[in-house]
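Fold and contact review
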Amino acid sequence: MLNRFRVFMTGRNGTDTLNIFLFFSALGMQLISGITGWEVFSLLGTIALVLVLYRMFSRNLARRQEENYRFTQFLGGSQSRFSDWRARREQSKEYKFFTCPSCKNKLRVPRGKGKIQVTCPRCGERFNGHT
């Protein structure tokens, strides 16, 4: 039986990051619908589950991989922004952070230096700051 399923799934998309996200979103919407009694969440959850099944059994691998790539790029961008924010927050007692007005590069300068001129290592732009 398991071998038949493997043969059936050959050439199909299967499970990826976007499918896992959609599946848990569908479960969450169904749970909200059960708690609140709002049928719109039940409908959205059902649509998400149908989309998960469609993507899982799809033979258009290039399209599904592109969708998953875009989703992971979006997700990765938000994760890196959060980790950058968390690192700056942890280092905020020892360092002052500046953003270069020219190239938007984030610069870290030790605190307690007073008024200083900061030079961006990426573009060479000079600007004044106070630590």
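A brief structural summary. (Residues numbered from 1 in each chain as written. Predicted model: local features only at pLDDT ≥ 70, side-chain atom pairs only at ≥ 80, totals over all residues. Heavy atoms only, no water.)

A look at the overall build of the protein
So the rule is basically this: In this text, helices come from DSSP runs of H or I with a minimum length of four residues, and strands from runs of E with a minimum of two, each type numbered from the N-terminal end. With C-alpha atoms as the basis for the radius of gyration, the globule rule is written as 2.2 Å multiplied by the number of residues raised to the power 0.38. Each residue is placed in one exposure class: buried if its accessible area under a 1.4 Å probe, protein chains only, is under 20% of its type's maximum, exposed if it is over 50%, and partly exposed if it falls in between. The contact criterion used throughout is that any non-hydrogen atoms of two residues lie within 4.5 Å. Per-residue and other accessible areas follow the Shrake-Rupley method at a 1.4 Å probe size, with only the shown protein chains counted as cover for residues. Working convention for charge: Lys and Arg count positive, Asp and Glu count negative, and His plus the chain ends are omitted. All charge positions are set by atom: Lys at NZ, Arg at CZ, Asp at CG, Glu at CD.
A count of helices and strands for the protein gives four helices and four strands. Secondary structure of the protein in N-to-C order comes out as α-α-α-α-β-β-β-β. The C-alpha atoms of the protein give a radius of gyration of 24 Å, which is well past the 14 Å a tight globule of 131 residues would have. For the protein, the C-alpha atoms occupy an extent of roughly 70 × 40 × 25 Å along the three principal directions. Expressed as a percentage of the 131 residues in the protein, the buried residues total 24%. Considering only contacts in the protein between residues 6 or more positions apart, those separated by 24 or more positions represent 38%. Entry remark: accessible area of the protein is about 9800 Å², with carbon and sulfur atoms responsible for 58%. Averaging the coordinates of the 22 positive side-chain charges in the protein and doing the same for the 8 negative ones gives two points 4 Å apart.

Let's talk about the packing of helix α2 (residues 17-36) against helix α3 (residues 39-57)
Inclusion rule: Interaxial angles span 0 to 180 degrees and are taken between N-to-C directions of axes, which are lines fitted to C-alpha atoms, for helices over the stretch in contact. Any angle from 65 to 115 degrees is called roughly perpendicular, while one under 35 is roughly parallel, one over 145 is roughly antiparallel, and all others are oblique. When the near helix sits turned anticlockwise from the far one by under a right angle, the crossing is termed left-handed; a clockwise turn instead gives a right-handed crossing. Under the grouping applied here, Gly and all other residues not named as nonpolar or charged are polar, the nonpolar ones being Ala, Val, Leu, Ile, Met, Phe, Trp, Tyr, Cys and Pro and the charged ones Asp, Glu, Lys and Arg.
Interhelical geometry of α2 versus α3 gives an angle of 160° and a closest axis separation of 8 Å. In terms of their interaxial angle, α2 and α3 are classed as roughly antiparallel. Where α2 crosses over α3, the handedness of that crossing is left-handed. Side by side, α2 and α3 meet where Leu18, Asn19, Leu22, Phe23, Ala26, Met29, Gln30, Ile32 and Ser33 of the first sit next to Phe41, Ser42, Leu44, Gly45, Thr46, Ala48, Leu49, Leu51, Val52, Arg55 and Met56 of the second. Its residues placed into classes, the contact of α2 with α3 shows 13 nonpolar, six polar and one charged.

Comments concerning the nonpolar core
We apply this condition: By convention a nonpolar core is built from buried Ala, Val, Leu, Ile, Met, Phe, Trp, Tyr and Cys residues, the set being connected through side-chain atoms within 4.5 Å.
Membership of the largest hydrophobic core is limited to seven residues, which are Phe98, Cys100, Leu107, Val109, Val118, Cys120 and Phe127. If near-sequence neighbours (up to four positions away) are discounted, Val118 is found in contact with Phe98, Leu107, Val109, Glu125, Arg126 and Phe127. Judged by nonpolar contacts, the second largest core, of six residues, contains Met9, Leu22, Val52 and Phe71.

A short note on the side chain of Arg12
Selection criterion: When a carboxyl oxygen of Asp or Glu is within 4 Å of a side-chain nitrogen of Lys or Arg, the pair counts as a salt bridge.
Structurally, the position occupied by Arg12 is in the loop between α1 (2-9) and α2. There is no salt bridge for the buried Arg12, and the closest opposite charge comes from Asp16, which lies 14 Å off by N-O distance. Setting aside residues up to four positions removed in sequence, Arg12 forms contacts with Met56, Phe57, Ser58, Arg59 and Leu61.

Digging into the environment of Met1
Take Met1: it is sitting in the segment before α1. In the structure, Met1 is positioned 125 residues away from Arg126 in sequence and 68 Å away in space, judged by C-alpha atoms.

Notes on the pattern of salt bridges
For the coordinates displayed, the defined rule picks out five salt bridges. Residue Arg64 pairs with Glu67 through a salt bridge whose shortest N-O separation is 3.0 Å. Placement of the pair is Arg64 and Glu67 together in helix α4 (residues 61-90), with a separation of three residues, close to one helical turn. With a relative accessible area of 5%, Arg64 lands in the buried category. Owing to a relative accessible area of 25%, Glu67 belongs among the partly exposed residues under this scheme.

Geometric values such as these leave the question of function open.
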